[in-house]
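One-letter residues, chain by chain:
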Amino acid sequence: MPTDAQNACFEAGIKFGSLYHQFAGTPVSPESADSLARAIEASIANQPYCEAVRVTIRRDELEAALEDATADYTELTGRFLDVEMDIDYEGTAVQTKMEMEDGYPLMKLVSVEE
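Residues numbered from 1 in each chain as written. Predicted model: local features only at pLDDT ≥ 70, side-chain atom pairs only at ≥ 80, totals over all residues. Heavy atoms only, no water.

The protein has the name Dihydroneopterin aldolase in an unreviewed UniProt entry, where Halogeometricum borinquense is given as its organism. Within the UniProt record for the protein, the comment given under Function (unreviewed entry) is "Catalyzes the conversion of 7,8-dihydroneopterin (H2Neo) to 6-hydroxymethyl-7,8-dihydropterin (6-HMD)." Recorded under Sequence similarities (unreviewed entry), the UniProt text for the protein is reproduced unchanged: "Belongs to the archaeal dihydroneopterin aldolase family." (UniProt positions renumbered as here; feature names shortened; annotations may be inferred.)

This is the structure:
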C-alpha cells in the first residue's frame with residue numbers, strides 16, 4: 001500500500017502532466033500571457049488535493065521568441081513557464097516547481113512534509 005507521502009507525490013505528478021500537456025501549444029502573446037497564466041492556475045486548482053498553483057509566463061523569453069517571428073504570438077512551451085504547486089494529501093504537504101534547467105522544463109519536488 002502506498003504511503004500518504006507517496007500518494008501526495010503521485011498527485012503532484014498527475015497535476016504537472018495535466019498542466020503541461022493540456023496547455024502546450026496554446027497560442028500566447030505578451031498581451032494574453034497574464035490571462036493565460038490565470039486560466040492555467042484555475043484549471044489545475046480544480047483537481048483534487050491541489051491547495052495552490054502559481055503560474056508565471058516568462059515574458060522575457062516570450063518577447064525574445066517573438067522578435068524575429070512573423071506573427072504576434074507563438075505556441076506555449078515549457079521554456080516560457082515557471083510553475084509552483086502545493087498539494088495536500090491526507091495531511092501530507094508537497095511543494096513542487098517547474099522551471100527551466102539546462103534548457104529543459106524540469107518538474108521537481110521541493111519538499112514533502114507529513
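That shown, we press on.
## Looking at the pattern of salt bridges
Overall, the coordinates contain 9 salt bridges when judged by the stated rule. One salt bridge connects K15 with E11, and the closest N-O pair in it is separated by 2.7 Å. Residue K15 and its partner E11 are both found in helix α1 (residues 4-23); the two are separated by 4 residues, about one turn of the helix. The exposure class of K15 is buried, given its relative accessible area of 1%. In this structure, R58 engages D82 in a salt bridge whose closest nitrogen and oxygen atoms are separated by 3.7 Å. Of the two residues, R58 is situated in the loop between β2 (50-57) and α3 (59-66) and D82 in strand β4 (residues 81-89); the sequence distance between them amounts to 24 residues. For D82, a relative accessible area of 26% puts it in the partly exposed group. When salt bridges with common partners are traced through the structure, they connect K97, E99, E101 and K108 into a single cluster. (Salt bridge = Lys/Arg side-chain N within 4 Å of Asp/Glu carboxyl O. Helix = DSSP H or I, 4+ residues; strand = E, 2+ residues; numbered from the N terminus. Buried < 20%, exposed > 50% of the residue type's maximum accessible area, 1.4 Å probe, protein only.)

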